[in-house]
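Residue strings, one per chain:
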Amino acid sequence: KAGVTQTPRYLIKTRGQQVTLSCSPISGHRSVSWYQQTPGQGLQFLFEYFSETQRNKGNFPGRFSGRQFSNSRSEMNVSTLELGDSALYLCASSLSGQNQPQHFGDGTRLSIL
Amino acid sequence: GENVGLHLPTLSVQEGDNSIINCAYSNSASDYFIWYKQESGKGPQFIIDIRSNMDKRQGQRVTVLLNKTVKHLSLQIAATQPGDSAVYFCAESPPTDKLIFGTGTRLQVFP
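Everything numeric in this text was worked out from a predicted model, so none of it was measured.

## Overview of the nonpolar core
Logical step 1: Trp34(A), Leu46(A), Phe64(A), Met76(A) and Tyr89(A) are the most contacted members of the largest nonpolar core, which has 21 residues in total.
Logical step 2: Breaking this core down by element, the ones donating at least two residues are strand S3 (19-24), strand S4 (31-38), strand S5 (42-50), strand S8 (74-78), strand S9 (87-94) and strand S11 (108-112) of chain A.
Logical step 3: Not counting chain neighbours up to four residues away, the residues in contact with Phe64(A) comprise Gln36(A), Leu46(A), Phe47(A), Met76(A), Asn77(A), Val78(A), Asp85(A) and Tyr89(A).
Logical step 4: Core analysis: the next-biggest nonpolar cluster, separate from the first, contains 19 residues, Ile48(B), Val64(B), Leu73(B) and Tyr88(B) among them.

This is how it looks when you write it as structure tokens:
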């Protein structure tokens, strides 16, 4: 069974631009969660999607948004990029939610210049 | 909690020894706990999980212990190998809420 796939692996953007990251969950998994990982703040929860609906949200500004498609694939979008948005963005999928094993992709490394 | 400092706590062990990585969790209502291993350049990899109705669970070379009285979780790795070198994270999940990651611990295994 293929694991969680995130694209692209690396991305370089400049301040003010916007970016879209993609995540394909493990086949059969309906819950997709997104996390931001930085050396200073560790792993921080962004949001969770289940059946195309946002079910839970972390403490991030409205510039961070996401969506999920009917095939459970998910995208997250960051608008008006800031230098502080430089991070590793991780996607995790599980069968149905947070209260069970989540399986992570290898992330998208976003660098803001 | 969710924040981790720039300098991770580090545990250094000799190959073949047992390793114990500790974690204090924050929410007494949490009923599900997970340990992850993260190698450089990769996403966190699921190791083992435990629910609050248990106090011990064993996997292959790993054991997780849960002490709800003091809100403490530990991961024991038997016969530690060089391939075990990584950053280890514990995570807790309150019912119907988000997964909260704890402070990571870097495990270094020396030959």
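Next comes the rest of the write-up.
## Overview of the state of the cysteines
All names here are of chain A.
Logical step 1: All chains considered together, the criterion is met by two disulfides over all chains.
Logical step 2: Put simply, Cys23 and Cys91 are joined by a disulfide, and their sulfur atoms are 1.8 Å apart. Around the S-S axis, the bridge from Cys23 to Cys91 shows a dihedral of about -55° and counts as left-handed. Of this pair, Cys23 sits in strand S3 while Cys91 sits in strand S9; the two residues are 68 residues apart in sequence, bridging distant segments of the chain.
Logical step 3: Judged by relative accessible area, Cys23 falls into the buried class, the value being 0%.
Logical step 4: For Cys91, a relative accessible area of 0% gives the class buried.

## Comments concerning empty space enclosed by the protein
Residues and elements named next belong to chain B.
Logical step 1: Inspection of every chain in the model, using the stated rule, returns one cavity of 30 Å³ or more.
Logical step 2: Lining the largest cavity we find 10 residues, and of these Tyr25, Cys90, Glu92, Ile100 and Gly102 sit closest to its centre.
Logical step 3: Taken together, the elements giving at least two residues each to the lining of the largest cavity come down to strand S2 (19-24), strand S8 (86-93) and strand S9 (100-101).
Logical step 4: When residues in the lining of the largest cavity are grouped by element, the largest group, three residues, is from S8.
Logical step 5: By residue class, the composition of the lining of the largest cavity is seven nonpolar, two polar and one charged.

## As for the packing of aromatic side chains
Each aromatic ring pair is described using two quantities: the centre-to-centre distance and the angle formed by the ring planes.
Logical step 1: Tallying each qualifying case throughout the model produces 12 aromatic pairs over all chains.
Logical step 2: Plain terms: the ring middles of Tyr36(B) and Phe46(B) are 6.4 Å apart, the flat faces sit at 75° to each other, and that makes the pair edge-to-face. Of the two residues, Tyr36(B) sits in strand S3 (residues 32-38) while Phe46(B) sits in strand S4 (residues 45-51), which places them 10 residues apart along the sequence.
Logical step 3: Relative accessible area serves as the criterion here: at 25%, Phe46(B) is assigned to the partly exposed category.
Logical step 4: Grouped by ring-pair contacts, the aromatic residues Tyr35(A), Phe45(A), Phe104(A), Tyr36(B), Phe46(B), Phe89(B) and Phe101(B) constitute a single cluster.
Logical step 5: The ring of Phe50(A) has Arg55(A) lying over it, and the distance from NZ or CZ to the ring centre is 4.3 Å.

## A short note on unusual backbone geometry
Logical step 1: Omega for the peptide link from Thr7(A) to Pro8(A) comes to -10°, which places this bond in the cis form.
Logical step 2: The backbone phi angle of Thr80(A) is positive, close to 45°, even though this residue is not glycine.
Logical step 3: Structurally, Thr80(A) can be placed in the loop between S8 and S9.
Logical step 4: A relative accessible area of 47% means that Thr80(A) is categorised as partly exposed.
Logical step 5: At Ala79(B), a position not held by glycine, the phi torsion is positive, near 45°.
Logical step 6: Structurally, the position occupied by Ala79(B) is in the loop between strand S7 (72-77) and S8.
Logical step 7: For Ala79(B), a relative accessible area of 36% corresponds to the partly exposed category.

## Here we look at the sheet that holds strand S1 (residues 5-7) of chain A
Residues and elements named next belong to chain A.
Logical step 1: Ordered by their spatial adjacency, four strands build an open sheet running S1-S3-S8-S7, and the pairing between neighbours is antiparallel. In the strand order of this sheet, the two ends are held by S1 and strand S7 (64-68), each with one partner. Across the sheet, the axes of successive neighbouring strands diverge by a mean angle of 20°, strand direction being ignored.
Logical step 2: Across three bridges, the pairing between S1 and S3 is antiparallel. Bridge pairing in S3 places Thr7 opposite Ser22.

Rules used in this analysis
Residues numbered from 1 in each chain as written. Chains lettered and ligands numbered in written order. Predicted model: local features only at pLDDT ≥ 70, side-chain atom pairs only at ≥ 80, totals over all residues. Heavy atoms only, no water. Core = buried A, V, L, I, M, F, W, Y, C linked by side-chain atoms within 4.5 Å. Buried < 20%, exposed > 50% of the residue type's maximum accessible area, 1.4 Å probe, protein only. Helix = DSSP H or I, 4+ residues; strand = E, 2+ residues; numbered from the N terminus. Contact = heavy atoms within 4.5 Å. Disulfide = S-S within 2.5 Å. 1 Å grid on protein atoms, 1.4 Å probe; cavity = no way out; pocket = protein on both sides within 12 Å on 5 of 7 lines; lining within 4 Å. Points joined across faces, edges and corners; volume = space filled by probe spheres on them. Nonpolar A, V, L, I, M, F, W, Y, C, P; charged D, E, K, R; others polar. Phe/Tyr/Trp six-rings, centres within 6.5 Å; stacked < 30°, edge-to-face > 60°. Lys NZ or Arg CZ within 6 Å of the ring centre and 35° of its normal. Pairing = 2+ DSSP bridges. Axes fitted to C-alpha atoms, helices over the stretch in contact; angles between N-to-C directions.

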